Amino acid sequence: MTAVAAVDLGASSGRVVRGVVTGGRVAVEEVHRFPNGPVHSGGRLHWDLRGLYREILTGLRLAGEVGSIGIDSWAVDYGLLDGSGELLGDPVHHRDPRTGGIKPEEGLYEVNGLQFQPFNTMFQLRVEPLLPRASQLLLIPDLVSYWLTGERGAEYTNATTTGLIDVRTGRWSPSLTRDLPPGLLPELRHPGDPAGSWNGVPVTAVGSHDTASAVVAVPAGTDRFAYISCGTWSLVGVELTAPVLTGASRAANFTNEGGVDGTIRYLRNVMGLWLLQECLRTWGAELEPLLREASNATGSTFDPNDPVFLRPGDMPARIERWCGRSMTRPEVVRSVLDSLALAHRDAIVDAQRLSGKEVEVVHVVGGGSRNALLCQLTADACGLPVVAGPAEATALGNVLVQARAAGAVEGTLAELRELVGRSQPLQRYLPR
Ligand code: LFR
């Protein structure tokens with residue numbers, strides 16, 4: 001089959017990947033990678049989306065001849081268009097403090113099923129000064145898709161992270177969108193749907209929420225698995241066929257995000273490798289040597305989900321303050337990994353308790369699957385085997401959904417996952 005191109009924008013880097021599905025195997029090759037991160041401007045944290053778009057175009061040219069293009073990114077953030085389709089200002093970053101004091105109202109969870117995160121799109125819109133001038137809102141992958149094709153739509157998996165979708169109907173909720181300008185939210189489209197074309201190449205909607213794409217490529221050989229999509233965030237949970245909307249689930253801050261093929265991603269956001277990324281940025285240090293030293297260091301544990309860790313800034317100082325002691329760099333790194341492993345365990349225990357789904361293996365996918373110490377500590381904390389890899393799960397999930405839409409591969413999610421398991425090197429960690 002012809003190759004496809006996957007555009008995958010992450011919070012710390014973006015990439016364009018060329019993927020091929022053939023002979024029951026899937027392979028991806030990175031053709032272009034570029035840095036990403038928060039940009040301070042005008043007193044706000046933004047994304048430089050036009051800069052990213054330039055890199056995406058470079059990547060698509062480097063990808064050569066492809067039969068389809070699919071785009072995914074982090075969730076929640078958006079661009080606003082004016083009546084003539086021009087972008088009104090750089091998209092604001094969800095780590096900007098503008099939604100700091102916001103609280104969810106009673107009854108919200110029962111409608112949208114979403115964990116409370118102050119940065120969910122619906123809360124950002126409450127403090128959005130550009131809203132009166134906006135005629136349409138496009139989430140980040142939909143905005144990139146619009147720039148490529150001139151066509152607008154709202155891809156469903158990512159749209160569920162806005163907080164404005166009714167989790168029972170899978171459509172924009174009339175009650176939750178009542179106060180928004182009419183027509184602000186585009187028509188929904190679903191993974192596999194056509195989404196226009198760029199220079200004659202079809203653009204295909206994929207699980208445009210990066211976590212949705214990553215979960216497609218979890219190489220599970222059983223239904224009884226938990227996943228950790230481990231990157232800037234750790235997204236920890238299970239896959240369900242129906243949402244859990246109980247009071248206990250809301251209190252545990254579990255989210256019911258829309259997945260590919262009508263699944264529910266029942267998960268909790270754990271602060272993830274952001275903690276380490278910000279430590280390294282503060283120190284101006286490299287990860288590898290510190291990880292080696294951290295394997296013999298003694299850490300302290302802290303709650304990685306404490307909101308004090310959400311914003312960019314001096315992370316080691318915040319961790320030391322939380323733990324009430326000063327630490328060497330390897331000790332800080334060890335504290336982060338120990339604390340993440342425990343938070344992974346708590347989320348997996350809670351997911352099983354709240355959903356009734358039993359888990360016998362934990363799959364770690366994404367960049368964090370390369371962190372052997374974190375994988376081992378997670379296996380130890382969970383008392384379950386951890387299967388680590390693929391690191392490129394998001395790009396693989398993006399590629400597979402495009403390949404399936406193009407007819408190059410058939411199958412259910414379970415079959416796509418088997419195919420990933422067959423094609424990608426995986427590492428097993430047994431609990432000690
Ligand atoms: C991961 C992710 C999470 C979402 C967070 C903010 O990259 O998409 O799923 O909660 O970023 O968008």
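Note that the structure is predicted; figures quoted are calculated from it, not measured.

1. Points about the packing of helix α9 (residues 287–294) against helix α11 (residues 329–355)
Here comes step 1: Here α9 crosses α11 at 80 degrees, and the two axes come no closer than 8 Å. With respect to their mutual orientation, α9 and α11 come out roughly perpendicular. Between α9, through Leu290, Leu291, Glu293 and Ala294, and α11, the contact on the second element is made entirely by Arg329, Pro330, Val333, Arg334 and Leu337.
Here comes step 2: For the contact of α9 with α11, the residue count by class is six nonpolar, no polar and three charged.

2. Digging into the confidence of the model for the protein chain
Here comes step 1: On average, residues of the protein chain score 97 in pLDDT, and 100% of them reach the 70 mark or higher.
Here comes step 2: Complex prediction metrics read pTM 0.98 and ipTM 0.97.

3. Some details on the site of the ligand
Here comes step 1: Taken together, 13 residues are adjacent to the ligand, and Trp74, Ala75, Val76, Thr211 and Trp233 come closest.
Here comes step 2: Partitioned by chemical class, the residues of the shell around the ligand number six nonpolar, six polar and one charged.
Here comes step 3: There are two domains that each give the shell around the ligand at least three residues, and those are domain 1 (4–208) and domain 2 (220–389).

4. A few points about the sheet that holds strand β15 (residues 225–230)
The pairing of strands in a sheet happens through backbone hydrogen bonds and is either parallel or antiparallel.
Here comes step 1: Ordered by their spatial adjacency, seven strands build an open sheet running β17-β18-β16-β15-β19-β20-β21, and the pairing between neighbours is mixed. Whereas interior strands pair on both sides, the edge strands pair on one side only; in this sheet they are β17 (255–258) and β21 (427–429). For this sheet the average axis-to-axis angle between neighbouring strands, irrespective of direction, equals 30 degrees.
Here comes step 2: In terms of strand pairing, strand β19 (residues 361–365) meets strand β20 (residues 386–388) through three bridges, oriented parallel. The residue bridging Val362 from the neighbouring strand is Val386, located in β20.
Here comes step 3: Across the sheet, α11 touches β15, β16 (234–240), β18 (264–270) and β19, and the angle it forms with β16 is around 20 degrees.

Parameters and conventions
Residues numbered from 1 in each chain as written. Predicted model: local features only at pLDDT ≥ 70, side-chain atom pairs only at ≥ 80, totals over all residues. Axes fitted to C-alpha atoms, helices over the stretch in contact; angles between N-to-C directions. Helix = DSSP H or I, 4+ residues; strand = E, 2+ residues; numbered from the N terminus. Parallel < 35°, antiparallel > 145°, perpendicular 65-115°, else oblique. Contact = placed C-beta atoms within 7 Å. Nonpolar A, V, L, I, M, F, W, Y, C, P; charged D, E, K, R; others polar. pLDDT = per-residue confidence, 0-100. Near = placed C-beta within 6 Å. Domains from an automatic or database assignment. Pairing = 2+ DSSP bridges.

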